[in-house]
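Single-letter residue listing:
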Amino acid sequence: MLPWRVRIELHCHSTWSDGSASVAEVAAKAAARAPVVMALTDHDCAAGHAELATTIPNAIRACELTCVEDRRAVHVLVYDAAGDERWAEFESLLAKQAAGRRERLRAIAARLFHQGVVLDVEPILARADGRVVGRPDIAAALVAQGVVASKDEAFDRWLRDGGPADVPLARLTIADGLAAIRAVGARASLAHPHQHGDRAARWLKQYRADGLDGIEACYGRYDTGERARWLRVADSLELTATGGSDWHGEAWTELGVEVPEERGQRLLAWLGRA
């Protein structure tokens with residue numbers, strides 16, 4: 001007999017960052033799936049939480065924080081386990097991250113100009129109205145102008161990491177990010193560890209004592225073997241296994257992932273929701 005399983009959703013996105021669904025649409029989809037724990041994790045932004053909580057009152061305030069290590073972008077899922085006024089300090093950090101993203105778009109446009117592509121990013125920034133912006137917005141604008149046929153082509157030609165028009169975002173180191181997370185009583189989990197290969201386990205060992213004591217072992221796109229690989233890492237390092245779909249609005253993907261009840265209970269305790 002299979003063990004009892006519970007559904008969780010601790011990694012999804014809305015139009016506040018690079019998702020295509022509004023917060024209301026995310027909330028409605030989540031309510032239909034009824035996860036035992038839910039968080040909206042927009043990139044460097046927690047602005048959608050208040051609206052989500054009107055539909056899912058026990059939702060956890062959260063975000064996906066962009067850090068850098070070994071010259072690589074590293075995403076850390078941040079969960080407001082304390083749920084008190086200290087989170088305002090973290091919002092200040094997110095505001096700085098968002099400002100850096102806006103300046104990055106202007107710098108990318110300048111590089112594109114030197115590549116022979118004229119793109120005015122000011123209308124993009126004006127339409128954002130507080131939403132976190134990034135390279136996907138540039139890619140979408142290039143498609144709209146007919147410069148490229150797809151966003152993938154925009155990244156392949158210009159916007160990929162290290163590409164001709166890419167501008168590195170001034171990011172926090174993992175250590176600096178974790179210091180800010182600890183200061184507000186939040187929890188941290190390494191997102192989609194497969195993207196980092198062997199580096200993931202090394203960073204988790206290095207920063208576990210600093211608060212990186214979660215790992216997204218139950219990532220929505222993992223097959224059974226990949227999930228088992230990262231669950232072994234979680235167990236060997238005594239980390240909490242988190243999980244989520246990383247849903248951005250795709251029609252073919254459902255919100256939430258299922259985990260054994262025992263792991264779900266450990267996760268809820270880690271989040272202060274036991």
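Further up the page is the structure itself.
Bear in mind the structure is a predicted one, so any value in this text is a computation, not a measurement. (Residues numbered from 1 in each chain as written. Predicted model: local features only at pLDDT ≥ 70, side-chain atom pairs only at ≥ 80, totals over all residues. Heavy atoms only, no water.)

A. Examining the sheet that holds strand β1 (residues 5-9) more closely. Taken in spatial order, the three strands line up as β2-β1-β9 in an open sheet, and their pairing is mixed. A single partner strand is all that each edge strand has here, and the edge strands are β2 (37-38) and β9 (257-260). Of the strand pairs in this sheet, β1 and β2 are connected by two bridges, and their pairing is parallel. Residue pairing in the sheet places Glu9 in a bridge with Met38 of β2. Taken strand by strand, helix α10 (residues 261-270) contacts β1, β2 and β9, and its axis lies near 100° from that of β9. (Pairing = 2+ DSSP bridges. Helix = DSSP H or I, 4+ residues; strand = E, 2+ residues; numbered from the N terminus. Contact = heavy atoms within 4.5 Å. Axes fitted to C-alpha atoms, helices over the stretch in contact; angles between N-to-C directions.)

B. Layout of the side chain of Ser14. Secondary-structure assignment places Ser14 in the loop between β1 and α1 (23-33). Take Ser14: its relative accessible area is 0%, and that puts it in the buried class. Those residues in contact with Ser14 that lie beyond four places of it in its chain are Gly19, Ala21, Ser22, Val23, Val26, Leu40 and Asp42. (Buried < 20%, exposed > 50% of the residue type's maximum accessible area, 1.4 Å probe, protein only.)

C. Local environment of unusual backbone geometry. Even without being glycine, Asp44 reaches a positive phi, approximately 50°. For Asp44, the position within the fold is in the loop between β2 and α2 (49-55). If you check the backbone angles, His192 has positive phi at about 25° while not being a glycine. Topologically, His192 is positioned in the loop between β6 (187-190) and α8 (198-207).

D. Highlighting the nonpolar core. Val78, Tyr79, Phe90 and Ile181 are the most contacted members of the largest nonpolar core, which has 52 residues in total. Per-element accounting of this core gives the leading share, five residues, to strand β4 (residues 72-79). Those residues in contact with Val78, other than ones at most four positions away along the chain, are Arg61, Ala62, Cys63, Leu65, Trp87, Phe90, Ile181, Ala186 and Arg187. Listed in part, the 21 residues of the second largest apolar core include Ile108, Ala109, Leu112 and Leu142. (Core = buried A, V, L, I, M, F, W, Y, C linked by side-chain atoms within 4.5 Å.)

E. Geometry of the state of the cysteines. Scanning the entire structure with this criterion turns up zero disulfides. No disulfide involves Cys12; its nearest neighbouring cysteine sulfur is the one of Cys63, lying 13 Å away. For Cys63, a relative accessible area of 0% puts it in the buried group. (Disulfide = S-S within 2.5 Å.)

By themselves, these figures tell us nothing about what the structure is for.
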